[in-house]
Amino acid sequence: MEGILGTVGPLILMFAIFYFLLIRPQQKRQKATQSMQSNLQKGDKVVTVGGLHGTVDAIDENKIIIKSGNANLTYDRQAVRDVIKD
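This one's a predicted model, so the numbers in the text were calculated from it and none came from an experiment.

K.L.:
Quick question: what am I supposed to make of the overall build of the chain here?
P.N.:
Helix and strand content of the chain: one helix and five strands. Going from N to C terminus, the chain has its helices and strands arranged as α-β-β-β-β-β. Counting across all 86 residues of the chain, residues that qualify as buried make up 16%. Considering only contacts in the chain between residues 6 or more positions apart, those separated by 24 or more positions represent 34%. Accessible area of the chain: about 6,700 Å², with a carbon and sulfur share of 57%.

Here you go:
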């Protein structure tokens, strides 16, 4: 019995360390990003994953229109990286 625990114990410990240091924080970041993207509102200042800065002009189910300068550009909601707070 001690031989099995001595062999499997370090593997279980290594998995627990990976879970708390890598997997769990990534899941929290994904949940926060999904929440931010679902709570977008017209007039929010946003930054896309491509680096475009602009203001949300219109929102659809899966797409948003971002006004940047004189241009209105259509993006998927998932392309929004950050909402800029003033």
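K.L.:
What is the right way to read the packing of aromatic side chains from this model?
P.N.:
Aromatic ring pairs are reported here in terms of the distance separating the ring centres and the angle at which the planes meet. Under the definition given, this model contains one aromatic pair. Ring centres of Tyr19 and Phe20 lie 5.1 Å apart, and the angle between their planes is 80 degrees; on these two criteria the pair is classed as edge-to-face.

K.L.:
Help me understand the pattern of salt bridges in this model?
P.N.:
Close approach of charged atoms allows side chains with opposite charge to pair. Enumeration according to the criterion identifies one salt bridge in this entry. Across the pair Asp82 and Arg81 runs a salt bridge whose closest N-O atoms are separated by 3.3 Å. Take Asp82: its relative accessible area is 38%, and that puts it in the partly exposed class.

K.L.:
What's the story with the sheet that holds strand 1 (residues 45-48) in this structure? I'm lost.
P.N.:
Whenever strands of a sheet pair, they do so through backbone hydrogen bonds, lying parallel or antiparallel. One open sheet accounts for five strands, arranged 4-3-2-1-5; its pairing is antiparallel. A strand with exactly one partner marks an edge of an open sheet, and here the two such strands are strand 4 (71-76) and strand 5 (80-84). For this sheet the average axis-to-axis angle between neighbouring strands, irrespective of direction, equals 45 degrees.

So, how was this worked out
- Residues numbered from 1 in each chain as written.
- Predicted model: local features only at pLDDT ≥ 70, side-chain atom pairs only at ≥ 80, totals over all residues.
- Heavy atoms only, no water.
- Helix = DSSP H or I, 4+ residues; strand = E, 2+ residues; numbered from the N terminus.
- Buried < 20%, exposed > 50% of the residue type's maximum accessible area, 1.4 Å probe, protein only.
- Contact = heavy atoms within 4.5 Å.
- Areas by Shrake-Rupley, 256 points an atom, 1.4 Å probe, with all protein chains shown as cover.
- Phe/Tyr/Trp six-rings, centres within 6.5 Å; stacked < 30°, edge-to-face > 60°.
- Salt bridge = Lys/Arg side-chain N within 4 Å of Asp/Glu carboxyl O.
- Pairing = 2+ DSSP bridges.
- Axes fitted to C-alpha atoms, helices over the stretch in contact; angles between N-to-C directions.

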